[in-house]
Amino acid sequence: MSGCDKSNCGCVNTNPTDLLSSSRRNFLGGAAAVATLTLAPGITITAFGGSAKASGHHARWGLLVDVNKCKKDCNACVTACSTEHGWEDTGHPLTDAQWIRKVTLKDKKSGFEQSLPVMCQHCAEPPCVDVCPTAASFRRDDGIVLVDKHLCIGCRYCIMACPYQARSFIHEPLIDQKEYSPRGKGTVESCNLCVHRVDVGGTPACVEACSATGNGAMLFGNLNDPDSEISKRVAEYPSTQIRADLGLDPGVRYENL
Amino acid sequence: MKRIVYRELEGNVGVYGLILLMGAFVLAGAGSFYYMEHFGHIVTGMNNQIVWGLPHVFAIFLIVAASGALNVASIGSVFGKTAYKPMARMSGLLAVALLLGGLSVLVLDLGRPDRLIVAMTSYNFKSIFAWNILLYNGFMVIVGVYLYLQMERNVPKALLKSVGLFAFIWRLLLTTGTGSIFGWLIAREAYDSALMAPMFIAMSLSFGLAIFILVALTVNGLTNRPFGGALLARFGKLLAIFAAVVLYFTLAQHLTSLYATEHHTYERFILLDGGIYTQLFWFGHILIGNIAPIFLLLHPTMGKKRPAIVLSALMIIAGGFAQVYVIVIGGQAFPLMLFPGYEVQSSLMDGQIGQYAPSLPELMLGLGGVAIAIALTIVGMKVFKIVPKSLADSAVDPHHSAAK
């Protein structure tokens, strides 16, 4: 996507929006949280703008998962993500896209079990971005790691590099995609932290679904804002990152793990 | 030493038959590409755990061998060994052909091969993959110039030597780049090692020379051109040394890994419990690819004879292929350790050994790449003055009779 301003652009739209220059997009985005323009029957432009506060340069969007509150038999976050973005379980787990998955851990010595969701950890130093030859994998200024669907050549080097097995390669042709979450055969995708929601001040679908179950195991917020709930929680209680030894500074943290 | 006379290959049944046979494989490879491109990678054995499959094994093997195939030219021009100089053109042509064969497989396996232009225009310079695109293209240009200068009359020797040296340095960089594709993968137990780059260079020396020997003997056989026994014996000895270097790097890699407790699970997987990967490691890579040919080639009498050298070259190629298979597929099959010390379970098969069964389209695509390399080599030799009329010992080595 030439001319794409990656600090603000979600790169999430297959509509002709992608052909617009960044200035035009910013104009549309700035005019309203979501601007929709119908050019002709069947051609709709939808631009996601959002306020400077929502996707501003100082934000570092992150998630905090309280593993104690995450129920082993609950799959609400996974289902919500699947519904939101249109990926589904076709009974072929090895080739199906899985943007988020529930992982059950069992302590080898004590047998103690825990369950937690694992998705793209939105690293500050993402290996997938480092290795991507065409710069299709990129990290926005607000910490969200995305794949530019126009630049991805489907080499899968990012999948080799990701320590979290968070990325999926699309093995089959797809139909009925969500307009805010384009996907395509032969390209790589992963959790985009519901960038289309976040850019208009919303919350990722998984977090919303987790709250709706009453478990409240997931918290979304700005890690760079000391007054945000997530920052306060992280400052007050111990939390950890998966593979913290790699020094990638993931935006997803876990409590009680 | 007589003046070396180069001649295009004669158009006999053997030469045309070989080109036709390779053409058939190229067509089958093209059909496989179309099939995979149309239906998606679902028709292959690859999945989200084993994202690089058999095509990548073929591609990496060919690319690694390509840089090694150039060594015969380098030994002649850079290290001044006169006997190797008459084969410099063959060496350069084979190197470019192998690289093109390997790259074809790599590119045709992309999820979006139609976006190749993106890979040429949008670069992330932190990616070793992006660097490799430049290294591969640069290699073809440099070796192309090197070949042209060799075939051109009245080229100053100093210029030829400088270009030869540049090509030699470039090939070292290229193989370093290929090895680093794996060496720089920080999260995977099987990779993440600075040893990958030098090991790939050792592999390239060994695979490249083995392929060169077989191609040279085949071409000379098809066109009834002599190939000296003493020259072949020299190649044999060199091949044994190269195979030993590969064995040394393999040993260093696994011993280092075995010393650290954190890597024991991975080492146990490759060396003991890994099923097909363990078998390919011990019987393919170590026994057939290294130990057997080293012993055969260093045998005081047999080692200098043509059948032993041909058999050794074949074994090194088969064992080398097994080695690349274990590195590429075995390395991915070993699960990522997100939670060390825990038993893990998930819908994405976390903690489980990756499942992979190569499919026919993948095999045909890979063989198509091999066929492209062989076909380009033979056609190149048919069209240009690449192969000397004679590689008899008396023709290539001024000291041959004196040495006897």
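Residues numbered from 1 in each chain as written. Chains lettered and ligands numbered in written order. Predicted model: local features only at pLDDT ≥ 70, side-chain atom pairs only at ≥ 80, totals over all residues.

### Observations regarding the overall build of chain B
Our working definition: Here a helix means four or more residues in a row that DSSP labels H or I, a strand means two or more in a row labelled E, and each is numbered from the N terminus. When we talk radius of gyration, it's over C-alpha atoms, and the globule rule is simply 2.2 Å times the number of residues to the 0.38. For the exposure call, what matters is how many other C-beta atoms sit within 10 Å of a residue's own: 20 or more marks it buried, 12 or fewer exposed, and in between partly exposed, using C-beta atoms placed from the backbone.
Scanning chain B from N- to C-terminus turns up 15 helices and three strands. Compactness check: chain B gives a C-alpha radius of gyration of 22 Å against a globular reference of 22 Å for 404 residues, within 12% of the reference. For chain B, the C-alpha atoms occupy an extent of roughly 70 × 50 × 40 Å along the three principal directions. Put simply, chain B has 404 residues, and 50% of those count as buried.

### Side note on the overall build of chain A
The condition that has to hold: The contact criterion used here is simple: two residues whose C-beta atoms, placed from the backbone, lie within 7 Å are in contact.
Per the secondary structure count, chain A includes eight helices and 12 strands. Here chain A holds 257 residues, and 51% of them are scored as buried. Across chain A, the fraction of contacts at a sequence separation of at least 24, relative to all contacts at a separation of at least 6, is 61%.

### Considerations on the interface of chain B and chain A
This is how the line gets drawn: Under this grouping Gly is polar, as are all residues other than the nonpolar Ala, Val, Leu, Ile, Met, Phe, Trp, Tyr, Cys and Pro and the charged Asp, Glu, Lys and Arg. Should DSSP find at least two bridges between two strands, the strands are taken to pair.
Between chain B and chain A, the residue contacts involve 38 residues of the former and 45 residues of the latter. Of all the secondary structure elements, the ones that give two or more residues to the side of chain B that touches chain A are α5 (116-121), α6 (128-151) and β2 (342-346) of chain B. With five residues, the single largest contributor to the side of chain B that touches chain A is β2(B). When grouped by side-chain class, the residues that make up the side of chain B that touches chain A number 19 nonpolar, 14 polar and five charged. Note: strand β4 (residues 100-107) of chain A against β2(B), five bridges, orientation antiparallel. Paired with Thr104(A) across the strands is Gln345(B), a residue of β2(B).

### Brief notes about the pairing of strand β12 (residues 252-255) of chain A
Residues and elements named next belong to chain A. As paired elements, strand β3 (residues 61-66) and β12 share four bridges and run parallel to each other. The residue bridging leucine 64 from the neighbouring strand is arginine 253, located in β12. Both strand β11 (residues 239-240) and β12 contribute to a ladder of two bridges, which runs antiparallel. Looking across to β12, one finds that threonine 240 is bridged to tyrosine 254.

### Structural notes on the sheet that holds β3(A)
Pairing between sheet strands relies on hydrogen bonds along the backbone, with the strands arranged either parallel or antiparallel. All names here are of chain A. Here we have four strands laid out as an open sheet, ordered β10-β3-β12-β11, and mixed in their pairing. Looking at which strands have only one partner, the edges of the open sheet turn out to be β10 (218-222) and β11. As paired strands, β3 and β10 are joined by five bridges and run antiparallel to one another. Residue pairing in the sheet places tryptophan 61 in a bridge with asparagine 222 of β10.

### Some details on the sheet that holds β2(B)
This is how the line gets drawn: Here an axis means a line fitted to C-alpha atoms, over the contact stretch when the element is a helix, while the angle between two N-to-C directions is reported on a 0 to 180 degree scale.
The antiparallel open sheet is built from three strands, whose spatial order is β5(A)-β4(A)-β2(B). Among the strands making up the open sheet, the edge pair consists of β5 (113-119) of chain A together with β2 of chain B. Along the sheet, successive strands turn relative to each other by an average axial angle of 30 degrees, direction set aside. Alignment of β4(A) against β5(A), held across seven bridges, turns out to be antiparallel.

### Brief notes about the packing of helix α10 (residues 264-273) of chain B against helix α11 (residues 276-298) of chain B
Residue and element names in this part refer to chain B. Note the following rule: Oblique is the label for any angle not under 35 degrees, not over 145, and not in the 65 to 115 range, which are roughly parallel, roughly antiparallel and roughly perpendicular in turn.
Running from N to C, α10 and α11 cross one another at 70 degrees; their axes reach a closest spacing of 6 Å. The angle between α10 and α11 falls in the class roughly perpendicular. Residue-level contacts link Ile270, Leu271, Leu272 and Asp273 of α10 to Tyr277, Thr278 and Phe281 of α11. A class-by-class count of the residues in the contact of α10 with α11 yields five nonpolar, one polar and one charged.

### Brief notes about the packing of helix α3 (residues 76-85) of chain A against helix α7 (residues 205-212) of chain A
Geometrically, a packed helix pair is captured by the angle between its two axes and the distance between the axes. All names here are of chain A. Basically, it comes down to this: Each crossing is labelled by how the near helix is turned from the far one, with a counterclockwise turn of less than a right angle marking it left-handed and a clockwise turn marking it right-handed.
Following both chains from N to C, one finds α3 and α7 inclined at 135 degrees, their axes separated by 8 Å at the closest point. Here α3 lies oblique to α7, going by the angle between them. When the axes of α3 and α7 are compared, the crossing they make is right-handed. Residue-level contacts link Ala76, Cys77, Thr79, Ala80, Cys81 and Glu84 of α3 to Ala205, Cys206, Glu208, Ala209 and Cys210 of α7. Tallied by class, the residues present in the contact of α3 with α7 amount to eight nonpolar, one polar and two charged.

### So, unusual backbone geometry
Residue and element names in this part refer to chain B. For aspartate 192, which is not a glycine, the phi torsion comes out positive at approximately 45 degrees. Note on placement: aspartate 192 falls in the loop between α7 (157-183) and α8 (196-222). Judged by C-beta crowding, with 13 C-beta atoms within 10 Å, aspartate 192 ranks as partly exposed. Positive phi, normally seen in glycine, also occurs at methionine 349, with a value near 60 degrees. Within the element layout of this structure, methionine 349 appears in the loop between β2 and α13 (360-383).

### Quick look at the confidence of the model for chain A
As a reminder of what qualifies: Along the chain, pLDDT gives the predictor's confidence residue by residue, from 0 to 100.
In this model, chain A carries an average pLDDT of 84, and 78% of its residues clear a pLDDT of 70 or more. Here residues 1-57 of chain A is a poorly scored stretch, pLDDT under 50, and it has 98 contacts once near neighbours within four places are set aside; other chains count.

### Concerning the confidence of the model for chain B
On average, chain B scores 95 in pLDDT, and the residues at 70 or more come to 99%. For this predicted complex, the interface score ipTM comes out at 0.93, alongside a pTM of 0.90.

### A word on the environment of Gly236(B)
All names here are of chain B. Looking at the element boundaries, glycine 236 is found in helix α9 (residues 229-259). Once the C-alpha coordinates of glycine 236 and isoleucine 294 are considered, the two residues, 58 residues apart in sequence, prove to be 9.4 Å apart. Apart from the residues lying within four places of it in its own chain, the contact partners of glycine 236 are Leu297, Gly303, Lys304, Ile309 and Ser312.

### With respect to the environment of Gly164(B)
Looking at where Gly164(B) falls in the secondary structure, it is placed in helix α7. C-alpha of Gly164(B) to C-alpha of Val118(B): the two residues are 46 residues apart in sequence and 32 Å apart in space.

### Side note on α8(B)
Side chains that are three or four residues apart share a direction in an α-helix, a result of its 3.6 residues per turn. Residues and elements named next belong to chain B. Our working rule: The span expected for a helix works out to 1.5 Å for each residue beyond the first.
With 27 residues, α8 extends 38 Å between its outermost C-alpha atoms, agreeing within 8% with the 39 Å of an ideal straight helix rising 1.5 Å per residue. Here α8 lies mainly inside the structure; 20 of its 27 residues are buried. Asparagine 224 sits one or two positions beyond α8 and adopts a positive phi of about 55 degrees.

### What about the environment of Arg156(A)?
Inspection of the secondary structure puts Arg156(A) in the loop between β7 (145-147) and α5 (157-161). With 61 residues separating them along the chain, Arg156(A) and Thr95(A) place their C-alpha atoms 13 Å apart.

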